[in-house]
Amino acid sequence: MRIKSALAAAAIVALAGACGSGGGDGGSSSSSSSGEPVKINFLSLAWQKESVAANKQIVDEWNKANPNIQVTYVQGSWDNVNDQLVTQFAGGTAPDVIHNDSPALSGFATDGYLLDLKDKLPAELKSDIPQSAWDTVTFGDGKGGQGVYGVPFLQESQVIIANKKLLDAAKVRIPTPDNPWTWDEFSAAAKKMTKDGTFGVAWAMKSPVNKTLNLALNFGGTFFQTADGKTTVKVGPEEREVLQRIHDQLYTDKSADPAALGQGTADPLPAFYKGKFAMLPAGVFLRQQVAEQAPDGFEWVTLPGPKGTSAQQGAVSQTLSIAQDSKHPDEAMKFIAYFLNGANQAKLAKGDWLLPTSQQAAADPAMTTQENGWDVATASAKNLVVAPFLKVNGFDEWKTKVATPVLQEYFANKITIDEAAKRLVDEGNKVLERYQR
Amino acid sequence: MRRFPQYVALAAYVVFLAFPLLWLLSTALKTPQEMALADPTWIPREPTLANFADAFGEQDLVGAAVRSLGVALAASLITVVISLPAAYAMARYRGLVNKIAIGWVLVSQVFPFILIIIPLFMILRDLDLVNTLPGLVVVHVTFTLPFALWMLQGYVRAVPPELEEAAAVDGATRLRSIASVVAPLLAPGVVATLLFAFISSWNEFMFALVILQNPDVMTLPLTLVRFTGPEGVARLGPLAAASLMATIPSLIFFAIIQRRLKSGLMAGAVKG
């Protein structure tokens, strides 16, 4: 009986609590014309401690300085943001300001869910960010035109995080941003460091597509070609080069640790600290975890990515966009312009250990210090170019359903490069066909 | 002594079940350096509470837990209240309508979640329930109800109809026989269904993600996911600390309710 009473009481309390605390329209419901402050929801995907703190600090500063435009900071998650947005766009309740990455914007722009910002961008913000970064957020509007559907503010490049003691012991030339290793030098260095149970390099290939396709631009590999308005998959000599070289490190030179193959980006770090391998090619953001976790006395350095016929890499930007249904797009744009000014971008980049697109932010002394490899990371930004595959309608499906399994099989040595190339093209073209009808 | 192997097996099983909780505890107390060791340790060498401080300092975990508890209790109770009479009818009355109803309940389970989320979201928006906890309760009841109904009608079927017939012979009305004979026998089933509904709601992430935007109404799963980044990278220490704290309310709920799961098993089965 006591249980029944307790449950009944709990039910009443729960319902009352649920009803009582459930109120509140997080959306932008009031306008300055009614005398109430305009309310803007800002969906942020910041997740690292310093980055969240920087985001909150900038929002607080904005709110204090702009009592008529109040921004609500809402923290989202990278893993689910697109599922969340699809529903909220369809329901017309998406946040006013949306943090995402540039590959996700293309589809949303074509579907008409994002506001074209090209006529709204303040001149100062526009000129502070180079055109190569704006290219990552310029997409078709689904009606034959082109629009700018986000403001790019953080970028990731591929670098090599290396064990300094092993590097010194191998007596290899230390590459610099001005004079990076060629892929041949990189492979030779990896071979030289492979001894006594230590491998020269570890390729974490759980998600192989972004890493390999971005590096493929070193040899001009674009993976897609467009002729007569039709886009098809292309895996020619340029595209095969990086794939083959990584495969050779694994199975010909045996200088790459096979244990890392199925691992995610950060998974090989414990073995790296233990000296199981000397070099870890990874995105610049991984430096944060190394700086935080590396055991005392462990010396590590950041090396620039290798160079093929060029040092170019594919650029993916983190972006801020405005929802098409936002009731306050002008106020949202004002907030974005403030949020992404040079000084604030430097804070955000430091918090996320990524590269700012703002030229003013990139000149910040904190972005060019040697500490934790910031100088090398920031210098790598000059090699970033818009990756052609990110503009292909259907790329996401090709990446998930075709490229990821095929590349995993190839790197696991289960299929040859010819078989991999054939499947990437044949199965890929079937996917793309659906998007081009 | 004969029972020694049984005890060993039981102890091993308990350790196996407790493994995730012990791992969470161990991780929550480790420094970032210790978490990244290639040879993981069970007992932290330099235990630290910094992960708990980070987790509670950065996120409103207590508020989120209270909201999750409210939503889960409300959703589970409403689910049971609605499904109990329907389950009785499904179990006791046979006919075409009944068969169709049972078929529909089964069919409703095979719809992919993504298929219903957008229409459901539209309905909630029109009812002004988006961004509210009552809206989330409605959604949780909606997706928990079919399976709860299925579970409960199984429990009702397990109660022999002869017991009700015997009560009728003694002059009891149908309502009286349900209340005095069937209900006590059903209690463990009701508790099991309540637990199922509670767990489903407590852990539910996707609907909450889509429906709730206002940080002041967000539930625990939405708060926990804030410690994860792209490509499966996570801030493991604060995530483990927060997850550990997140298990406490549900453990308390289980502790309160599990005795009822056992005690009602045969109550009322013997006609006095």
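Computed from a prediction, not measured in an experiment: that's the story for all the values here. (Residues numbered from 1 in each chain as written. Chains lettered and ligands numbered in written order. Predicted model: local features only at pLDDT ≥ 70, side-chain atom pairs only at ≥ 80, totals over all residues. Heavy atoms only, no water.)

Just checking my understanding: could you explain the sheet that holds strand E8 (residues 199–201) of chain A for this structure?
One key point about sheets: their strands pair by backbone hydrogen bonds, in either a parallel or an antiparallel sense. Residues and elements named next belong to chain A. Overall, mixed pairing links the four strands, which are arranged E8-E11-E7-E12 in an open sheet. In this open sheet, the two edge strands, each paired with only one partner strand, are E8 and strand E12 (300–304). Ignoring strand direction, the axes of neighbouring strands in this sheet form an average angle of 25°. Direction of pairing for strand E7 (residues 158–163) relative to strand E11 (residues 277–283): antiparallel, over a ladder of five bridges. Directly across from Gln-158, in E11, lies its bridge partner Gly-283. Contacting E7, E8 and E11, helix H8 (residues 183–192) runs over the sheet at an angle of about 140° to E11. (Pairing = 2+ DSSP bridges. Helix = DSSP H or I, 4+ residues; strand = E, 2+ residues; numbered from the N terminus. Axes fitted to C-alpha atoms, helices over the stretch in contact; angles between N-to-C directions. Contact = heavy atoms within 4.5 Å.)

Help me out: how do you make sense of the UniProt feature "domain: ABC transmembrane type-1" (unreviewed entry) in chain B in this one?
Residues annotated in UniProt with the feature "domain: ABC transmembrane type-1" (unreviewed entry) correspond here to residues 65–257 of chain B. A distance of 19 Å separates the end C-alpha atoms of residues 65–257 of chain B, which is 79% helix and 0% strand. (UniProt positions renumbered as here; feature names shortened; annotations may be inferred.)

I tried to follow the pairing of strand E1 (residues 38–44) of chain A on my own but got confused; where do I start?
Looking down a regular strand, the side chains alternate between one sheet face and the other. Residue and element names in this part refer to chain A. Most of E1 is tucked away: six of the seven residues are buried. In this region the chain leaves E1, passes through helix H2 (residues 49–65) and returns to the parallel neighbour strand E2 (residues 69–75); the handedness of that crossover is right-handed. In this structure, E1 lies alongside strand E3 (residues 97–101), joined through two bridges in parallel fashion. Looking at E3, one finds that Phe-42 is bridged to Val-97. (Buried < 20%, exposed > 50% of the residue type's maximum accessible area, 1.4 Å probe, protein only. Right-handed = clockwise from strand over helix to strand, strands pointing away.)

Would you mind going over the side chain of Thr-228 of chain B with me for this structure?
Along the chain, the position of Thr-228 of chain B falls in the loop between helix H11 (220–224) and helix H12 (236–263). Of note is the side chain of Thr-228 of chain B, whose polar atom sits 2.7 Å from the backbone oxygen of Val-225 of chain B. Apart from residues no more than four positions distant in its own chain, Thr-228 of chain B is found in contact with Trp-47 and Ser-77 of chain A together with Val-233, Ala-234 and Leu-239 of chain B. (Polar contact = N/O pair within 3.5 Å; in protein donor to acceptor, adjacent residues only side chain to side chain.)

I would appreciate a short explanation of the UniProt feature "transmembrane region" (unreviewed entry) in chain B in the present structure.
The UniProt feature table records "transmembrane region" (unreviewed entry) at residues 7–25, 69–89, 101–124, 136–156, 177–199 and 236–257 of chain B. Along residues 101–124 of chain B, the helical share is 83% and the strand share 0%, with 25 Å between the first and last C-alpha atoms.

Honestly, helix H19 (residues 417–435) of chain A in this entry has me stumped. Any pointers?
An α-helical turn contains 3.6 residues, so a residue and the one three or four places further along point in the same direction. All names here are of chain A. Across its 19 residues, H19 extends 27 Å between first and last C-alpha, which sits within 8% of the 27 Å expected from 1.5 Å per residue. The set of residues buried in H19 consists of Ile-417, Ala-420, Ala-421, Leu-424, Val-425, Gly-428, Val-431 and Leu-432. Looking at the buried side of H19, the elements it contacts are strand E9 (224–227), strand E10 (230–233), helix H10 (237–251) and helix H18 (395–411). (Expected span 1.5 Å × (residues − 1).)

So what exactly am I meant to see when it comes to the sheet that holds E1 of chain A here?
Residues and elements named next belong to chain A. Reading across from one edge, E2-E1-E3-E14-E6-E15 is the order of the six strands in this open sheet, with mixed pairing throughout. At either margin of the open sheet sits one strand with a lone partner, and together these are E2 and strand E15 (355–356). Both strand E6 (residues 151–155) and E15 contribute to a ladder of two bridges, which runs antiparallel. Bridge assignment links Leu-154 to a residue of E15, and that residue is Pro-356.

Looking at this model, I keep getting lost on the packing of aromatic side chains. Mind explaining?
Any pair of aromatic rings gets described here by the distance separating the centres and the angle formed by the planes. Residue and element names in this part refer to chain A. Inspection of the entire model under this criterion finds 28 aromatic pairs over all chains. Ring geometry for Phe-224 and Phe-395: centres 6.1 Å apart, planes at 75°, overall edge-to-face. Taken together, the residues Phe-224 in strand E9 and Phe-395 in helix H18 connect sequence positions 171 residues apart. Assessed through its relative accessible area of 7%, Phe-224 is described here as buried. Joined through ring pairs, the aromatic side chains of Phe-42, Trp-62, Tyr-73, Phe-335, Tyr-338 and Phe-339 make up one cluster. The residue whose ring lies beneath Arg-287 is Trp-374, and the NZ or CZ to ring-centre distance is 4.2 Å. (Phe/Tyr/Trp six-rings, centres within 6.5 Å; stacked < 30°, edge-to-face > 60°. Lys NZ or Arg CZ within 6 Å of the ring centre and 35° of its normal.)

Mind showing me how you'd approach the interface of chain B and chain A here?
Note on interface size: it is often stated as the accessible area lost on association of the parts. On the chain A side, the residues contacting the 45 residues of chain B number 51 residues. Buried area between chain B and chain A, summed over both chains or domains, comes out near 4100 Å², and the portion from carbon and sulfur atoms is 63%. Of all residues in chain B, Gln-213, Glu-231 and Val-233 of chain B bury the most surface against chain A, accounting for 15% of the area lost on that side. Counting the contacts that link chain B with chain A gives two salt bridges. For the salt bridge of Lys-274 of chain A with Asp-39 of chain B, the shortest nitrogen-to-oxygen distance reads 2.7 Å. Seen at the junction of chain B and chain A, the total is 10 residue pairs in polar contact (both at pLDDT 80 or more). Counting only elements with at least two residues in the side of chain B that touches chain A, the list comes to helix H2 (32–35), helix H3 (50–58), helix H4 (61–92), helix H6 (113–126), helix H7 (133–158) and helix H10 (206–211) of chain B. Among the residues forming the side of chain B that touches chain A, the class breakdown is 29 nonpolar, nine polar and seven charged. (Buried area = accessible area lost by both parts, 1.4 Å probe. Salt bridge = Lys/Arg side-chain N within 4 Å of Asp/Glu carboxyl O. Nonpolar A, V, L, I, M, F, W, Y, C, P; charged D, E, K, R; others polar.)

I keep staring at the packing of H2 of chain A against helix H14 (residues 342–352) of chain A and nothing clicks. Help me out?
Residue and element names in this part refer to chain A. Across the interface, H2 lies against H14 with an axial gap of 7 Å and an inter-helix angle of 155°. By the angle between their axes, H2 is roughly antiparallel relative to H14. In this structure, H2 meets H14 at a crossing whose hand is left-handed. Counted together, Glu-50, Ser-51, Ala-54, Asn-55, Gln-57, Ile-58 and Glu-61 of H2 and Asn-344, Lys-347, Leu-348, Gly-351 and Asp-352 of H14 form the full contact between these two elements. The class makeup of the residues in the contact of H2 with H14 is three nonpolar, five polar and four charged. (Parallel < 35°, antiparallel > 145°, perpendicular 65-115°, else oblique. Left-handed = near helix turned anticlockwise from the far one by under 90°.)

How do you make sense of unusual backbone geometry when you look at a structure like this?
Most peptide bonds are trans, and most residues other than glycine sit at a negative phi. Residues and elements named next belong to chain A. The phi dihedral of Lys-254 is positive, around 55°, even though this residue is not glycine. Relative to the assigned elements, Lys-254 resides in the loop between H10 and helix H11 (269–273). The phi torsion at Asn-413 lies on the positive side, around 65°, for a residue other than glycine. Of note, Asn-413 is situated in the loop between H18 and H19.

What exactly am I supposed to notice about the packing of H8 of chain A against H10 of chain A here?
The relative placement of two packed helices comes down to the angle between their axes together with the axis-to-axis distance. Residue and element names in this part refer to chain A. Two elements in contact, H8 and H10, have axes whose closest approach is 11 Å; the angle formed by their N-to-C orientations is 10°. Judged on the interaxial angle alone, H10 and H8 are roughly parallel. The two elements H8 and H10 cross, and the hand of that crossing is right-handed. In this structure, H8 uses Trp-183, Asp-184, Phe-186, Ser-187 and Ala-190 to contact H10, whose residues at the interface are Val-242, Arg-245, Ile-246 and Gln-249.

Could you clarify how one ought to interpret the environment of Ser-83 of chain B in this entry?
Residues and elements named next belong to chain B. Of note, Ser-83 is situated in helix H4. It is 39 Å that separates the C-alpha atoms of Ser-83 and Gly-229, two residues lying 146 residues apart in sequence. Beyond its immediate stretch of four places on either side in the chain, Ser-83 contacts Leu-145, Ala-148, Leu-149 and Leu-152. Within polar-contact distance, the side chain of Ser-83 engages the backbone oxygen of Thr-79 at 2.6 Å.

Sorry if this is basic, but what is going on with the side chain of Ser-68 of chain B here?
With respect to the helices, strands and loops of the structure, Ser-68 of chain B is situated in helix H4. When residues no more than four places from it in sequence are discounted, the contact partners of Ser-68 of chain B are Trp-202, Thr-219, Leu-220 and Pro-221 of chain B.

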